[in-house]
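Summary of structural features
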Amino acid sequence: MINLSNFSSIFIANWKLNGNIQFIDKYYENLLVNPKNCTVVCSPNIYLNRLKNNNINLFTGAQDVSQFNEGAYTGEISANMLSDEKINFCLVGHSERRQLFNESNEVINAKTSNLINNDIIPVICIGETLEEKETNLTKKVLAKQINESIPDGCNFENSIIAYEPIWAIGTGLTPSLDEIEEVHSFIKSINLKFERFKVLYGGSVKVSNSKDINKLDNVDGCLIGGSSLKIDEFNLIIS
Ligand code: PGA
């Protein structure tokens, strides 16, 4: 199991449904990994085996996993299969999965357990909608997501939380630095168990805001979508 406490920051590229073989070759020719940090690239499953992994500070991640371990579930990929292919990380509960594929906290909880049982680090995504933010429901929504989607077996050594306000994903909008810090410290204070968790921020992270976001006390890295597809930008963010 990777020792997460070895890293001052963790940066995760979420390519979503993007990339192809040519793109991957160019990406790794140009990727400049910062040895102090942990860099994880999450590609579509079909390409996972083509991604580079040095087992020191550069790792591979999947974007989703099945809630089932085996059986008649056409199209699914299990945590055990990811583990067979030496995948180290896996996103779970990304808002696009929650919203577009109706994933519930209960399903996310099952997926997370499967990952932990296979020594894959789940990156459990949580976040509020704009309406929830505007009606002051952020903390309530996040607490519910955390309580229901994070199984008892999760701890700071085997799991990561990513706070991604849904309204900030792909929009160019971000919460203020104070708001990010407040939410991250809230997440870590929900329960003693979360105090030492790595909590990443995601949602419109780019070169112009990543340094300030990462300087915040309770931010332990970033989950990056759009900007992770541009290798020069991603290099600057992880530097
Ligand atoms: P974004 O996406 O960086 O393009 O906002 C983040 C994510 O969806 O994980």
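Before reading further, recall that the structure is shown in the block above.
The structure reproduced in this document is the subject of the present report. (Residues numbered from 1 in each chain as written. Predicted model: local features only at pLDDT ≥ 70, side-chain atom pairs only at ≥ 80, totals over all residues. Heavy atoms only, no water.)

1. Here we look at the pairing of strand β4 (residues 89-92)
What counts, and what does not: Burial status follows relative accessibility: with a 1.4 Å probe on protein chains alone, a residue under 20% of its type maximum counts as buried, one over 50% as exposed, and anything between as partly exposed. Going along the chain from the N terminus, every DSSP run of H or I of four or more residues is numbered as a helix, and every run of E of two or more is numbered as a strand. Strand pairing is assigned whenever DSSP identifies at least 2 bridges connecting the two strands.
Every second residue of β4 is oriented toward a common face, with Phe89 and Leu91 on one face and Cys90 and Val92 on the other, all of them buried. Sheet analysis places strand β3 (residues 58-62) next to β4, joined by two bridges and oriented parallel. In the sheet register, glycine 61 faces β4, and the bridge partner there is phenylalanine 89. In terms of strand pairing, β4 meets strand β5 (residues 121-126) through four bridges, oriented parallel. Bridge pairing in β5 links phenylalanine 89 to isoleucine 121.

2. Observations regarding the environment of phenylalanine 68
Where we set the bar: By definition, residues are in contact when any of their heavy atoms lie within 4.5 Å.
Note on placement: phenylalanine 68 falls in the loop between β3 and α2 (79-84). Classification of phenylalanine 68 as partly exposed rests on a relative accessible area of 29%. The spacing of phenylalanine 68 and valine 107 is 39 residues in sequence and 9.6 Å in space, taken between C-alpha atoms. Not counting residues within four places of it along the chain, the set of residues in contact with phenylalanine 68 comprises Tyr73, Glu76, Ser78 and Asn114.

3. Some words on the site of the ligand
For clarity, the threshold we go by: Put simply, a residue is near a molecule or strand once any heavy atom of it comes within 4 Å of that molecule or strand. Think of a polar contact as two N or O atoms within 3.5 Å of one another; within protein, one of them needs to be a possible hydrogen donor and the other a possible acceptor, and neighboring residues in sequence only count if both atoms come from side chains. Nonpolar residues are Ala, Val, Leu, Ile, Met, Phe, Trp, Tyr, Cys and Pro. Charged residues are Asp, Glu, Lys and Arg, and all others, Gly as well, are polar.
Among the 13 residues in the neighbourhood of the ligand, the closest are listed as Lys16, His94, Glu164, Gly170 and Ser204. Residue lysine 16 places a side-chain N or O atom 2.7 Å away from an oxygen atom belonging to the ligand. A distance of 2.8 Å separates an oxygen atom of the ligand from a polar atom in the backbone of glycine 225. Its residues placed into classes, the shell around the ligand shows four nonpolar, seven polar and two charged.

4. Comments concerning the packing of helix α8 (residues 207-215) against helix α9 (residues 231-238)
This is how the line gets drawn: An axis is simply a line fitted to the C-alpha atoms; with a helix, the fit covers only the stretch in contact. Between two such axes, the angle follows the N-to-C directions and lies from 0 to 180 degrees. By definition in this entry, angles of less than 35 degrees are roughly parallel, angles greater than 145 are roughly antiparallel, angles of 65 to 115 are roughly perpendicular, and the rest are oblique. Helix crossings fall into two classes, left-handed where the near helix is turned counterclockwise from the far one by less than a right angle and right-handed where it is turned clockwise.
Here α8 crosses α9 at 20°, and the two axes come no closer than 9 Å. Viewed along their axes, α8 and α9 adopt a mutual orientation that is roughly parallel. The element α8 and its partner α9 pack so that their crossing is right-handed. When α8 is examined against α9, the residues Val207, Ser210 and Lys211 are found in contact with a partner set consisting of Glu233, Leu236 and Ile237.

5. Describing the side chain of arginine 98
Our working rule: Neither His nor the chain ends contribute to the count of charged residues, in which Lys and Arg are positive and Asp and Glu negative. Put simply, a salt bridge is a Lys or Arg side-chain nitrogen that is within 4 Å of an Asp or Glu carboxyl oxygen.
Tracing the backbone shows arginine 98 in helix α3 (residues 95-100). Lacking a salt bridge, the buried arginine 98 has glutamate 103 as its closest oppositely charged neighbour, with an N-O distance of 6.6 Å. Here the side chain of arginine 98 touches glycine 93 through a polar contact of 2.9 Å, landing on its backbone oxygen.

6. Let's talk about unusual backbone geometry
You will see that lysine 86, though not glycine, has its phi angle at about 60°, which is positive. With respect to the element layout, lysine 86 can be found in the loop between α2 and β4. Here asparagine 102, not a glycine, exhibits a phi torsion of approximately 50°, which is positive. Its place among the elements puts asparagine 102 in the loop between α3 and α4 (105-117).

7. A look at the sheet that holds β5
Spatial ordering of the closed barrel is given by β1-β2-β3-β4-β5-β6-β7-β8, a layout of eight strands whose pairing is parallel. When the angles between neighbouring strand axes are averaged without regard to direction, this sheet yields 25°. Across four bridges, strand β2 (residues 38-42) lies against β3 in parallel orientation. Paired with threonine 39 across the bridge in β3 is leucine 58. Here α9 sits on the sheet in contact with β1 (10-14), β2 and β8 (221-224), set at roughly 160° to β1.

8. Brief notes about the environment of glutamate 195
Mapped onto the secondary structure, glutamate 195 falls in the loop between α7 (177-189) and β7 (198-202). Separated by 103 residues in the primary sequence, glutamate 195 and valine 92 have C-alpha atoms spaced 20 Å apart.

9. Brief notes about the pairing of β3
Here is the key point about a regular strand: its side chains alternate between the two faces of the sheet. Stated formally: Place the viewer so that the strands point away; then a crossover is right-handed whenever the path from the first strand over the helix to the second strand goes clockwise.
Most of β3 is tucked away, with five of its five residues classed as buried. Burial along β3 is two-sided: the residues Leu58, Thr60 and Ala62 and Phe59 and Gly61 are all buried. Following the backbone out of β3, through α2 and into the adjacent parallel β4, one traces a crossover that is right-handed.

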